[in-house]
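# Observations on the three-dimensional arrangement
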Amino acid sequence: MTTARIPLLHRYANPAAFGRLSARVMPWSIGATVILLALGVYFALFNSPPDYQQGESVRIMYVHVPAAIMSELVYGAMALAAAAGIIWKHALADLFVKAAAPLGAIFTLICLVAGSLWGKPMWGAWWVWDARLTSELVLFFLYLGYIALVDAFDDPQRGLRAGAILVLVGVVDLPIIKFSVNWWNTLHQPASLMTLSGPKIYGSMLVPLMLMIAGFMAFFITVVILRLESELLARRIRGWRTAAGDE
Amino acid sequence: MSSFSNFLSMGGYGAYVWPAYGLTAIAFAAVVVWTVATLKARRQEEQALSATGRQRRNRRGAGT
Amino acid sequence: MTAAFHLFRHDLRLQLRHGTDLVAPIAFFVLATLLVPLGVGPEPNLLARLASGVIWVTALLATLLALDRLFQRDFEDGALDLMALAPLPLELTVIAKVAAHWVTTGLPVMVVAPILGVMLRLDTNSFLTLELSLALGTPVLSMIGAFGAAVTLGARRGGALLAVLVLPLYIPILIFATSAISAAGEGLSPRPHLLLLASFFVGGIVLIPFAAAAALRNALE
């Protein structure tokens, strides 16, 4: 069987081939991650102004906002991959969803914890039922639900497929949930002058913010490639074990 | 020296800013360590299994 | 269509045969609601503010109770395989089962809720809206719950997992139902909230059977 006849993407469902691709990409990916995060943190902590109202605590924004953005982007990417897996039945697609989920959950958790640490000095409470934080908390449970569901099946294929369907239902429901939580929040909170997204973002604040967002994205790409290779290997190992057991 | 301690205290918000960055760093590091460790272990296991698999196949081929 | 109706009636008769199975969700609904005054004190103004939320939350949880058995029995004895192969589309099968589930949970909740409302000092203006919100909302709870039951079919510890998956999806219904009731209590019109609930109902009927059927086929392969 010549490799020329295997469609491009399907070739990379083979862990060895994927491993070679990942080895070529990794140095760039790791380099980008380190540089962007280092620059981002430098600008965030050393080279950007404190906020007029919030003082130095605004620096938490440079961690909270990228984490929030990534938590949503990753879920969207998972939904796209889930759809691709169902439509084209490509192994890489379903495994991408599984590989990405823990990363999405961690971004969500960072967003929640950083938001909490930001909220305490600003609003005087460790937890505030702010619309964004509450929606993030729900998103966190959507991630946990996916992870738990996929792991709860003895047959991994079945688990991946069930998870894919769950993610698709979740991605349809996510805007509805956010809309409803936003609605609930405006109903029950007196008009608040400060939102956690902070005051108007000035140019000097935009640079560290963009760097941090890019850095988080590079981090995600780096780690998800590693996790994807890991999942492919796990699948190959199960195949070997089953074959050995047949004898 | 005093500017460093000013930096550490972050205008009084130090107790909030540093844990935020610190926990992020720890979370990132933890997931990287976990991922790489699992990947290495699986790579080794796959090598081992495919080696014995090939041995078995060669033995069977020789036996028929 | 008549095949779906027959399935609905058959399922209903099966559920009604095991009478005690039916009582549990309703008993839970009443008991859990009654725990709240015992927990927070009987002060009427406090209870009145909590009433709509408490009734809806316990209704949510009571709906969850009956869910993991929705497809389990048919899955285990092979009836689900037959349903998947039958000429009746699996999506309609799902609707029939959801309807039977609702008759045995959502409907009794609607009957008992006004009594609980009285005990929790719910505002008199709110009762009609309470019933309407339950009428529109509980079928959606059954639908989303059915999806959860379908997607956890064959999973280990499906019961607890089901709750984790389904409760986040319940949140919009909870929010709009309770804000409808609050609006009515303040003399405002609950129509916009109820219309939104109605749109969830319609959207659910259209979309959920496909998602649930896909999950069932996955479990049956």
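Residues numbered from 1 in each chain as written. Chains lettered and ligands numbered in written order. Predicted model: local features only at pLDDT ≥ 70, side-chain atom pairs only at ≥ 80, totals over all residues.

### Considering the overall build of chain C
What counts here: Helix and strand definitions follow DSSP, with helices as H or I runs of at least four residues and strands as E runs of at least two, each counted in order from the N terminus. Throughout, the radius of gyration refers to the C-alpha atoms, and the reference size of a globule is 2.2 Å times the residue count to the power 0.38. Note on burial: count the other C-beta atoms lying within 10 Å of the residue's C-beta; 20 or more is buried, 12 or fewer is exposed, in between is partly exposed, and C-beta positions come from the backbone. Two residues qualify as being in contact provided that their C-beta atoms, derived from the backbone, are within 7 Å of each other.
Scanning chain C for helices and strands turns up ten helices and zero strands. Taken from the N to the C terminus, the helices and strands of chain C come in the order α-α-α-α-α-α-α-α-α-α. Relative to a compact globule of 221 residues, whose C-alpha radius of gyration would be 17 Å, chain C shows 18 Å and is just as compact. Along the longest, intermediate and shortest principal axes, the C-alpha atoms of chain C span 55 × 35 × 30 Å. Out of the 221 residues in chain C, the part that is buried amounts to 49%. At a minimum sequence separation of 6, the contacts of chain C that also span at least 24 residues come to 80%.

### Some points on the packing of helix α3 (residues 61-88) of chain A against helix α7 (residues 203-245) of chain A
All names here are of chain A. Applicable threshold: Helix axes are fitted only over the stretch in contact, all axes being lines through C-alpha atoms; the angle between N-to-C directions runs from 0 to 180 degrees. Roughly parallel here means an angle under 35 degrees, roughly antiparallel means over 145, roughly perpendicular means 65 to 115, and every remaining angle is called oblique. Working rule for handedness: look at the near helix, and if it is turned counterclockwise from the far one by less than a right angle, call the crossing left-handed; if clockwise, right-handed. Residues were grouped as follows: Ala, Val, Leu, Ile, Met, Phe, Trp, Tyr, Cys and Pro as nonpolar; Asp, Glu, Lys and Arg as charged; and all remaining residues, including Gly, as polar.
Between α3 and α7, the least distance of the axes is 9 Å, while the angle of their chain directions is 45 degrees. Comparing their axes, α7 and α3 come out oblique. The handedness of the crossing between α3 and α7 comes out as right-handed. The segment α3 lies against α7, with Tyr62, Val65, Pro66, Ala67, Ile69, Met70 and Val74 engaging Pro208, Leu209, Met212, Ile213, Phe216, Met217 and Phe220. Of the residues contributing to the contact of α3 with α7, the split by class is 14 nonpolar, no polar and no charged.

### Considering helix α4 (residues 91-123) of chain A
All names here are of chain A. Put simply, the test is: Expected helix span is taken as 1.5 Å per residue step, with the number of steps being one fewer than the number of residues. Bend, in this description, refers to the angle at a residue between axes fitted to the seven residues ending there and the seven starting there.
A rise of 1.5 Å per residue sets the reference length of α4, with its 33 residues, at 48 Å; its end C-alpha atoms lie 47 Å apart and thus fit the reference within 8%. A maximum bend of about 30 degrees is found in α4 at Ala100, where proline Pro102 lies one to four positions downstream. Buried residues dominate α4, accounting for 26 of its 33 residues. Gly124 lies just past α4 and shows a positive phi near 80 degrees.

### So, the packing of helix α3 (residues 44-65) of chain C against helix α8 (residues 127-151) of chain C
Residues and elements named next belong to chain C. Contact pair α3 / α8: the axes reach a minimum separation of 10 Å and the direction vectors enclose 30 degrees. Here α8 runs roughly parallel to α3, going by the angle between their axes. Crossing handedness for the pair α3 and α8: right-handed. Touching Ser52, Ala59, Leu60, Thr63 and Leu64 of α3 are Leu130, Leu134, Thr138, Leu141, Ser142 and Gly145, all from α8. Here the residues of the contact of α3 with α8 are counted per class, giving six nonpolar, five polar and no charged.

### Details of the interface of chain A and chain C
Opposite the 22 residues of chain A that make contact, chain C presents 22 residues. Listed by contribution, the elements that provide at least two residues to the side of chain A that touches chain C are α5 (131-151) and α6 (156-188) of chain A. For the side of chain A that touches chain C, the leading source of residues is α6 of chain A, giving 13 residues.

### Examining the interface of chain A and chain B
At the junction of the two partners, chain A supplies 30 residues and chain B supplies 25 residues. Breaking the side of chain A that touches chain B down by element, the ones donating at least two residues are α4 and α7 of chain A. Top contributing element to the side of chain A that touches chain B by residue count: α7 of chain A, with twelve residues. Considered class by class, the residues forming the side of chain A that touches chain B number 21 nonpolar, three polar and six charged.

### Here we look at the confidence of the model for chain A
Quick reminder of the rule: Confidence scores here are pLDDT values: one per residue, from the predictor, ranging 0 to 100.
For chain A, per-residue confidence averages 87 on the pLDDT scale, and residues scoring 70 or more make up 90% of the total. No element of chain A has a lower mean pLDDT than helix α1 (residues 8-11) of chain A, which averages 69, and none a higher one than α3 of chain A, which averages 95.

### Focus: the arrangement of the chains
For the two pairs of chains in contact, the maximum contact count is reached by chains A and B. No interface is formed between chain B and chain C, the nearest pair of C-alpha atoms being 24 Å apart.

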